[in-house]
Amino acid sequence: MLRTKNIAAVLAGLLLAALAAGCGREGSPPVKGPRTDRLPTYRVDTGFQLPKSPTWRKAHRRGYLVVGAKEDQPYLGEKDPASGVYSGFDIEIARMMAASLGFEPKKIRFRTIASANRETALQNGQIDYYVGTYTVNDMRKKIVGFAGPYYMAGQGLLVRTDENDIHGPQDLAGRTVCSAAGSTPYQRIAADYPKAKLVAYDTYSICVDNLLTFQVDAVTTDDAILLGFAAKAPDEMKVVGKPFSEEPYGIGVPRGDTALRLALDDALEANERNGNWKKAFEATLGLSGVPAPKPPPIDRYPAN
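As a starting point, this report considers the structure included with it. If you're wondering where the values come from, they're calculated on a predicted model, not measured in any experiment.

1. With respect to the nonpolar core
- By size, the foremost hydrophobic cluster in this structure holds 61 residues, and its most contacted members are Phe89, Ile93, Leu101, Tyr129, Tyr150, Tyr151 and Ile251.
- Among the elements that take part in this core, helix α3 (residues 89–100) stands out by supplying eight residues, more than any other.
- Every residue in contact with Tyr129, bar those within four places of it in the chain, is listed here: Leu65, Val66, Val67, Gly68, Ala94, Met97, Ala98, Leu101, Leu122, Ile251, Gly252 and Val253.

If you want it as structure tokens, here you go:
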């Protein structure tokens, strides 16, 4: 009975949050937010100059940075519908980068940019850089530049905490697995683990609801997104096993602005060394119960 009440409470919280934010988006705001009292404070480099970067020069003249982000990914990039404040691990990455570029928090303006519009927003100068589960690949490098990567995501599995028989995709035979319709994670399970029983919905939040109500046995997508959902209700859900793909998340910058890209690479390295990266993870995605991983090596690829 207690477990039933707990699940009902979680679902009620998810429903209320979804109604507050608007329906139909991938993910819904969490029942609780990141631990703001545990977030690091980023030292603003007030003397920073980057004259070789046209993007930085434009932002400096403007007086503030415009940063592209997601607004509907729990504990990654999320916008509070009431206050308009953005929070999450990706948002912290964006803030620590801004501080290294010489911009204090009040001089950052986040702008929600859908995945399909990221390249266009960078090309057209609508944003100065983009932080939002943006996977680095060779095709995208022909259109935009990437600093980082700052996180190595990979396809993972979200299950209920009382599930002890699923440790990885090899255990999915005969089990019901949910993912987003048409997504790469859905296609990978269908191709590589055909004995799993696949179901698909438009949003991952529906998959999570079905997981909590015992209609499916697992949810699959990028582990970073799953960690965000697990952080909503760590007593009810957990991410299991090791990632079974590689999705390096990078910071998107205008293609050709090598000076900005390399400056952000420097900033990432500095914040990884001083512990800010780990603290930011622990106060956001770390609330899922998963310890902070080691950041991936930064790829300082040559200008092209």
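2. Remarks on the sheet that holds strand β2 (residues 72–73)
- The strand order across the open sheet formed by three strands is β2-β3-β4, and the pairing between neighbours is antiparallel. Both outer strands of the open sheet, β2 and β4 (86–87), are each paired with one neighbouring strand and no more.
- Both β2 and strand β3 (residues 77–79) contribute to a ladder of two bridges, which runs antiparallel. The partner of Gln73 across the bridge, within β3, is Gly77.

3. Details of the pattern of salt bridges
- In this structure the tally under the stated criterion is twelve salt bridges.
- Residues Asp217 and Arg175 are paired through a salt bridge, measuring 3.4 Å at the closest nitrogen-oxygen approach. Of this pair, Asp217 sits in the loop between α7 (204–212) and β11 (218–222) while Arg175 sits in the loop between β8 (155–160) and β9 (176–180); the two residues are 42 residues apart in sequence, bridging distant segments of the chain. The same class applies to Asp217 and to Arg175, which are both buried.
- With its nearest N and O atoms 3.4 Å apart, the salt bridge here joins Arg300 to Glu269. A residue pair is termed long-range when its members are at least 10 positions apart, and Arg300 in the segment after α10 (276–282) and Glu269 in helix α9 (residues 258–273) qualify at 31 residues.
- A relative accessible area of 36% means that Arg300 is categorised as partly exposed.
- Given a relative accessible area of 29%, Glu269 falls into the partly exposed group.
- One salt-bridge network, held together by shared partners, links Arg160, Asp162, Glu163, Arg175 and Asp217.

4. What to know about the sheet that holds β11
- Spatially, the five strands line up as an open sheet ordered β10-β9-β11-β8-β12, and their pairing is mixed. The strands lining the two open edges of the sheet, one partner per strand, are β10 (197–201) and β12 (237–240). Each adjacent strand pair in this sheet contributes to an overall mean axis angle of 35 degrees, direction not counted.
- The pairing of β8 with β11 spans four bridges and is antiparallel. Following the sheet pairing, Leu158 is matched in β11 by Val219.
- Contacting β8, β11 and β12, helix α8 (residues 223–232) runs over the sheet at an angle of about 130 degrees to β11.

Each value, and the rule that gives it
- Residues numbered from 1 in each chain as written.
- Predicted model: local features only at pLDDT ≥ 70, side-chain atom pairs only at ≥ 80, totals over all residues.
- Heavy atoms only, no water.
- Core = buried A, V, L, I, M, F, W, Y, C linked by side-chain atoms within 4.5 Å.
- Buried < 20%, exposed > 50% of the residue type's maximum accessible area, 1.4 Å probe, protein only.
- Helix = DSSP H or I, 4+ residues; strand = E, 2+ residues; numbered from the N terminus.
- Contact = heavy atoms within 4.5 Å.
- Pairing = 2+ DSSP bridges.
- Salt bridge = Lys/Arg side-chain N within 4 Å of Asp/Glu carboxyl O.
- Axes fitted to C-alpha atoms, helices over the stretch in contact; angles between N-to-C directions.

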